[in-house]
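# Geometric and topological summary
Chain by chain, the residues:
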Amino acid sequence: MAFTHRSVLLEPTVGALVDPQFSAKSARRGSLEALPARRSGVFVDGTFGRGGHSRLLLSCLADDARLVVFDKDPEAIAQAQALRAEDPRVEVVHAGFASMRECLQDLGVDQVDGVMLDLGVSSPQIDDAARGFSFMREGPLDMRMDTSSGPTAAQWLAEASVDEIREVIARYGEERFAFQIAKAVAARRESRPLRTTLDLAELVAGVVRTREKGQHPATRTFQALRIHLNRELEELALALAAVLKLLAPRGRLAVISFHSLEDRMVKQCIAAASRPAAAQARLPIPEKDMPRPILLSLGRVLAEPDEVAGNARARSAVLRVAERTHEPLPPDGGASFVGTPPGAAPARRRGGRT
Ligand SMILES: C[S@@+](CC[C@H](N)C(=O)[O-])C[C@H]1O[C@@H](n2cnc3c(N)ncnc32)[C@H](O)[C@@H]1O
């Protein structure tokens, strides 16, 4: 069965990368048609998915441009390879976007003109019960974006301590009943392992006492496990640090987030890199040695009501855009502008160029 993905904030995101006049206030549909010329340069789609953003971006790029696309998911990578077969401007890397700088260096690229990240999971990943992301569909309790590496949710829940499970569900799901859920998982695995999505969804529903309107009681737990297993916040922090080093002057970053934890990281990074003096005001650094702004924030874009009406995923989407200034990087390469998610561990480089 073919699963499809409807891209969110499609035109504003591509416009953010290629439109010299882009502003969050004027990021309306139709703006791409008024572009003065097709853009040359090197661009990155860190989250290819089904390629909706990449295809629209390609239509705005010149024949000599390059678009390097990343995804962790082997199914997304198969789609990206099919696009490459049609369009030689596309280069495909099966890896997490955290390792984009090293992977781009392997391709001979040390500076880029635009990077877009459309975070989280794609609709095909949710809709395909076999991927184990959905609490609505019976499937193996997997939840890995990269099905070729790392533990599944079932394996992790079988081995993690009550404290680890509680910590993950509380931190990434902001779930009030994290401790009760962790205890219930530990009690349940004494007799029978949790094998399927519905095993876990039913266990959580039996423990979470309050109901949030319109939300399944397992929503927060599934989100938390997905974020943890795929190291989503650690990867985002590493990607933001990489982007600061990779962007050419006037190069753009466009990030679409779907929940507050990731949006906060993007927002704080852009704010700190745009106003480093304010961010470091409490440190004993003389004015002349203060780092200069290396990003200019171009603002935040939310989906229009008609997009939300046609695509529920658009409701929580937040696009943030920033442009690299001409100022040199500070001595730490901008690392101090990127918050470190609690419990973060260094990224392992995964996969390779395909
Ligand atoms: C929301 S979808 C992207 C959809 C895409 N923009 C489109 O229009 O088709 C997110 C994709 O990013 C991938 N992904 C999520 N985190 C990633 C990471 N750290 N590195 C690489 N790919 C990642 C997922 O596997 C998924 O395919």
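Analysis parameters
- Position labels on residues start from 1 in each chain and follow its written sequence.
- Reporting of local features is limited, given that this is a predicted model, to residues whose pLDDT is at least 70; pairs of side-chain atoms are given and counted only at 80 or more, and all residues count toward the totals for whole chains, interfaces and linings.
- Comment: elements are numbered from the N terminus, with helices defined as DSSP H or I runs of at least four residues and strands as E runs of at least two.
- Just to be clear, the radius of gyration here is over C-alpha atoms, and the globule rule we use is 2.2 Å times residues to the power 0.38.
- Counting other C-beta atoms within 10 Å of its own, a residue is labelled buried from 20 upward, exposed at 12 or fewer, and partly exposed in the gap between, with every C-beta atom placed from the backbone.
- Residue pairs are scored as contacts if the distance between their C-beta atoms, which are placed from the backbone, is within 7 Å.
- To define axes, lines are fitted to C-alpha atoms, for helices over the stretch in contact only, and angles between the resulting N-to-C directions are given on a 0 to 180 degree scale.
- Each angle receives one of four descriptions, namely roughly parallel if under 35 degrees, roughly antiparallel if over 145, roughly perpendicular if within 65 to 115, and oblique otherwise.
- Left-handed describes a crossing in which the near helix is turned anticlockwise from the far one by less than a right angle; the clockwise case is right-handed.
- For this entry, the nonpolar core is defined as buried Ala, Val, Leu, Ile, Met, Phe, Trp, Tyr and Cys residues connected by C-beta atoms within 7 Å.
- Throughout the structure description, domain borders are defined by an automatic or database domain assignment.
- UniProt positions are given in the numbering used here, feature names are shortened, and annotations may be inferred rather than shown by experiment.
- Expected span, for any helix, means 1.5 Å times one less than how many residues it has.
- Residue proximity rests on one test: whether the C-beta atom, placed from the backbone, lies within 6 Å of the molecule or strand.
- Nonpolar residues are Ala, Val, Leu, Ile, Met, Phe, Trp, Tyr, Cys and Pro. Charged residues are Asp, Glu, Lys and Arg, and all others, Gly as well, are polar.
- The path from the first strand over the helix to the second decides the hand: if it runs clockwise while the strands point away from the viewer, the crossover is right-handed.
- Note: pLDDT gives the predictor's confidence per residue, expressed from 0 to 100.

### Notes on the overall build of the protein chain
- Across its full length, the protein chain holds 14 helices and eight strands.
- On C-alpha atoms alone, the protein chain measures out to a radius of gyration of 21 Å, which is about the 20 Å that the 2.2 N^0.38 rule sets for 354 residues.
- Taking the principal axes of the C-alpha coordinates as reference, the protein chain spans close to 65 × 55 × 40 Å.
- Looking at the protein chain as a whole, 46% of its 354 residues are labelled buried.
- If you take every contact in the protein chain between residues at least 6 apart in sequence, the share linking residues at least 24 apart comes to 69%.

### So, the packing of helix 7 (residues 162-173) against helix 8 (residues 178-191)
- Relative to each other, helix 7 and helix 8 sit at 140°, their axes nearing to 8 Å. Taken as axis vectors, helix 7 and helix 8 run oblique relative to one another. Judged by the twist between their axes, the crossing of helix 7 over helix 8 is right-handed. When helix 7 is examined against helix 8, the residues Val162, Ile165, Arg166, Ile169, Ala170 and Gly173 are found in contact with a partner set consisting of Ala178, Phe179, Ile181, Ala182, Lys183, Val185 and Ala186.

### Quick notes on the nonpolar core
- Formed by 99 residues in total, the largest nonpolar core has its most connected members in Leu9, Ala239, Leu240, Val243 and Cys269.
- Ranked by the residues each element gives to this core, the list is headed by helix 11 (residues 232-246), at eleven residues.
- For this core, the domains that each give at least three residues are domain 1 (10-123 + 232-338) and domain 2 (147-229).

### Focus: the UniProt feature "binding site: S-adenosyl-L-methionine" (unreviewed entry) in the protein chain
- Following the UniProt record, the feature "binding site: S-adenosyl-L-methionine" (unreviewed entry) maps to Gly51, Gly52, His53, Asp71, Phe97, Asp118 and Gln125 here.
- Its place among the elements puts Asp71 in strand 2 (residues 66-71).
- By the C-beta count within 10 Å, which is 28 here, Asp71 ends up buried.
- Look past the residues within four positions of Asp71 in its chain and what remains in contact with it is Thr47, Phe48, Gly49, Ala76, Ile77, Ala80 and His94.
- Inspection of the secondary structure puts Gln125 in helix 5 (residues 123-127).
- Those residues in contact with Gln125 that lie beyond four places of it in its chain are Asp73, Arg131, Phe133 and Met145.

### Some details on helix 7
- A rise of 1.5 Å per residue sets the reference length of helix 7, with its twelve residues, at 16 Å; its end C-alpha atoms lie 16 Å apart and thus fit the reference within 8%.
- Among the residues of helix 7, those classed as buried are Ile165, Arg166, Val168, Ile169, Tyr172 and Gly173.
- Of the residues trailing helix 7, Glu174 is marked for its positive phi of about 45°.

### A short note on unusual backbone geometry
- Although it is not a glycine, Glu174 adopts a positive phi angle of roughly 45°.
- Using a count of 14 C-beta atoms within 10 Å as the deciding quantity, one classes Glu174 as partly exposed.
- In this structure, Arg250 is a non-glycine residue whose phi angle is positive, near 75°.
- Within the secondary structure, Arg250 sits in strand 5 (residues 247-257).
- Given 13 C-beta atoms within a 10 Å radius, Arg250 is considered partly exposed.

### Some remarks on the site of the ligand
- Taken together, the neighbourhood of the ligand is formed by 23 residues, with Ser7, Thr47, Gly49, Gly52 and Asp118 sitting nearest.
- Breaking the shell around the ligand down by element, the ones donating at least two residues are helix 2 (52-59) and strand 2.
- The class makeup of the residues in the shell around the ligand is six nonpolar, eleven polar and six charged.

### Let's talk about the domain arrangement of the protein chain
- On domain assignment, one finds that the protein chain holds domain 1 (10-123 + 232-338) and domain 2 (147-229).
- Between the C-alpha centres of domain 1 and domain 2 the distance comes to 32 Å.
- Here the residues of the side of domain 1 that touches domain 2 are counted per class, giving four nonpolar, one polar and one charged.

### Focus on the packing of helix 8 against helix 9 (residues 197-207)
- Taken N-terminus to C-terminus, the directions of helix 8 and helix 9 make an angle of 130°; their axes are 9 Å apart at the nearest point. With respect to helix 9, the axis of helix 8 lies oblique. Here helix 8 runs over helix 9; the crossing is right-handed. Where helix 8 abuts helix 9, its residues Gln180, Ile181, Ala184, Val185 and Arg188 lie against Leu203, Val204 and Val207.
- Broken down by class, the residue content of the contact of helix 8 with helix 9 amounts to six nonpolar, one polar and one charged.

### Digging into the pairing of strand 3 (residues 90-94)
- Here strand 3 lies mainly inside the structure; five of its five residues are buried.
- Every second residue of strand 3 is oriented toward a common face, with Val90, Val92 and His94 on one face and Glu91 and Val93 on the other, all of them buried.
- Assessed by its sense of winding, the connection that carries the chain from strand 2 through helix 3 (residues 74-86) to strand 3 is right-handed.

### Description of the confidence of the model for the protein chain
- Of all residues in the protein chain, 94% attain a pLDDT of 70 or more, and the chain-wide mean is 92.
- Of the regions scoring below 50 in pLDDT, residues 344-354 engages in 26 contacts with residues more than four places distant in sequence or in other chains.

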